[in-house]
Amino acid sequence: MAVYHEGSRALQDQAGVRDMADHVGRAIGDRIKPVAAAFLELQPLLMLGAAAPNTGRVWATALAGQPGFVRATSAHRMSVTGRLHPNDPLLPALTTGGTQVATITLDPRTRRRMRLNGRLRPTENGFEVEAERVFANCPKYIQRRERFELLSERTVGTPSHSGELTPAQRAFIASADTFFVASVHGGQVEISHRGGNPGFVRLDSTRRLSWQDYPGNAMFLTLGNLASDPRAGLLFLDWTTGTTLQLTGEGHTEFAADGERRVRFTVSETIETPGALPLRWSDPDPSPANPTLTT
């Protein structure tokens, strides 16, 4: 499998970073190395992206548990114990063998992140992913959160569905310092992290939002996918209450004369789930890489 497809290559060339992308791309493999396996077993949180097999819509979601609920069972397989809430839009994907999924494990305590993409197989206690692409990303734009609590007594609330953002949801997004974006190309899926100072995601209307694409690893995996298939899913987390806000819709990238890239996202559906994750994190320490916001 080629590291990059034509959408990513076109953006790399436009930005003049093809050589850098080739260098970074050599780190992508299909094996879970021992250091990566050790990292997985310390994490209480896993984000996942896929296209729902029953609708074709792309979503991002999250699972949480006692560290060890995600672990490598071989050099090519990751096992996850646990299931999504019955109303999660990606539940059909996680119970359908052969589904292509993308995962990202992010540790706010160390500002480290690891991505593993592959084909899913349901198991008795959760699911496994046969690794096809495994790689780490740099710590840029990750806000440090030094501690977490696992709250077994927290109960999941009733999800609310809508075709647009409520005032409270718009305020939630406006205050967010982190979100995750899932995208697709052909049968392949990516999920990536986006971070910045609160306000880095702008609300343009009840169905439209946007964010500046900050300089990163030069891969252009997400933007390359959007260039060929606009379907995408966004996931926002409340790091204190465990509430999740999932959005599905379409995204496209605009390029300014000064080289700035802005991704504009149009919402098709929203799902807000109170208390979806049994985690409460400490207050964030902003990443030193976060750009200063301009009005």
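Further remarks concern the overall build of the protein chain. The secondary structure content of the protein chain amounts to six helices and 17 strands. Taking 19 Å as the expected radius of gyration for a compact globule of 295 residues, we find that the protein chain reaches 18 Å, a close match to that expectation. A buried classification covers 50% of the 295 residues belonging to the protein chain. Of the roughly 12,700 Å² of accessible surface on the protein chain, 51% is carried by carbon and sulfur atoms. Taking the average place of the 32 positive charges on the side chains of the protein chain and the average place of its 30 negative ones, the gap between the two points comes to 2 Å.

Okay, the packing of aromatic side chains next. To describe a pair of aromatic rings, one takes the distance between the centres and the angle between the planes. Within this structure, the stated rule accounts for seven aromatic pairs. Relative to F200, the ring of F179 lies with its centre 5.8 Å away and its plane at 25°, an arrangement referred to as stacked. Of the two residues, F179 is situated in strand β10 (residues 178–185) and F200 in the loop between β11 (188–195) and β12 (201–203); the sequence distance between them amounts to 21 residues. F200 carries the same exposure label as F179, and that label is buried. Ring pairing ties together the aromatic residues Y141, F179, F200, W211, Y214 and F236, which thus form one cluster.

Between helix α1 (residues 6–15) and helix α2 (residues 18–25), the shortest axis-to-axis distance is 8 Å and the interhelical angle comes to 130°. If you check the angle between α1 and α2, you find them oblique. Listed contacts from α2 to R9, Q12 and D13 of α1 are R18, A21 and D22.

What follows concerns helix α6 (residues 221–228). Extensive coverage of α6 is indicated by the burial of six of its eight residues. Taken residue by residue, α6 has L221, T222, L223, G224, N225 and L226 as its buried positions.

For the rest of this paragraph, the subject is the side chain of Q12. Within the fold, Q12 resides in helix α1. The residues contacting Q12, other than those within four sequence positions of it, are Y4, V17, R18, A21, A218, M219 and F220.

Counting 32 residues, the largest nonpolar core has L209, L234, F236 and L247 as its most contacted members. Taken together, the elements giving at least two residues each to this core come down to α5 (167–174), β10, β13 (208–212), α6, β14 (231–237), β15 (244–255) and β16 (261–273). When residues no more than four places from it in sequence are discounted, the contact partners of L209 are L165, I173, V201, R202, L203, D204, L234, L247, V263, R264 and F265. With 29 residues, the next largest nonpolar core counts A50, M78, V134 and I271 among its residues.

A separate point is the layout of surface pockets. Of the pockets and cavities examined, the largest pocket occupies roughly 430 Å³. Along its surface, the largest pocket is lined by 28 residues, and R194, D213, Y214, G216 and N217 are the ones closest to its centre. Of all the elements, β11 adds the most residues to the lining of the largest pocket, at four residues. Taken together, the residues that form the lining of the largest pocket break down as 14 nonpolar, eight polar and six charged. What the second largest pocket holds in volume is close to 340 Å³.

The next point concerns the environment of P288. Among the structural elements, P288 can be located in the segment after β17 (279–281). According to the relative accessible area criterion, P288 is exposed, its value standing at 77%.

With that out of the way, let us pick up the pairing of β16. Pairing between strand β9 (residues 160–162) and β16: three bridges, direction antiparallel. The residue of β16 that forms the bridge with S162 is T270. Bridging between β13 and β16 involves five bridges; their strand directions are antiparallel. Bridging across to β16, Q212 finds its partner in R262. In the sheet, β15 pairs with β16 via twelve bridges, with the strands oriented antiparallel. Directly across from T244, in β16, lies its bridge partner T273. Hairpin connection between β15 and β16: a loop of five residues separates the two successive antiparallel strands, and G259 in this loop has a positive phi of roughly 95°.

Reading the values: the criteria
- Residues numbered from 1 in each chain as written.
- Predicted model: local features only at pLDDT ≥ 70, side-chain atom pairs only at ≥ 80, totals over all residues.
- Heavy atoms only, no water.
- Helix = DSSP H or I, 4+ residues; strand = E, 2+ residues; numbered from the N terminus.
- Rg over C-alpha atoms; globule rule 2.2 N^0.38 Å.
- Buried < 20%, exposed > 50% of the residue type's maximum accessible area, 1.4 Å probe, protein only.
- Areas by Shrake-Rupley, 256 points an atom, 1.4 Å probe, with all protein chains shown as cover.
- Lys, Arg positive; Asp, Glu negative; His and termini not counted.
- Charge placed at Lys NZ, Arg CZ, Asp CG, Glu CD.
- Phe/Tyr/Trp six-rings, centres within 6.5 Å; stacked < 30°, edge-to-face > 60°.
- Axes fitted to C-alpha atoms, helices over the stretch in contact; angles between N-to-C directions.
- Parallel < 35°, antiparallel > 145°, perpendicular 65-115°, else oblique.
- Contact = heavy atoms within 4.5 Å.
- Core = buried A, V, L, I, M, F, W, Y, C linked by side-chain atoms within 4.5 Å.
- 1 Å grid on protein atoms, 1.4 Å probe; cavity = no way out; pocket = protein on both sides within 12 Å on 5 of 7 lines; lining within 4 Å.
- Points joined across faces, edges and corners; volume = space filled by probe spheres on them.
- Nonpolar A, V, L, I, M, F, W, Y, C, P; charged D, E, K, R; others polar.
- Pairing = 2+ DSSP bridges.

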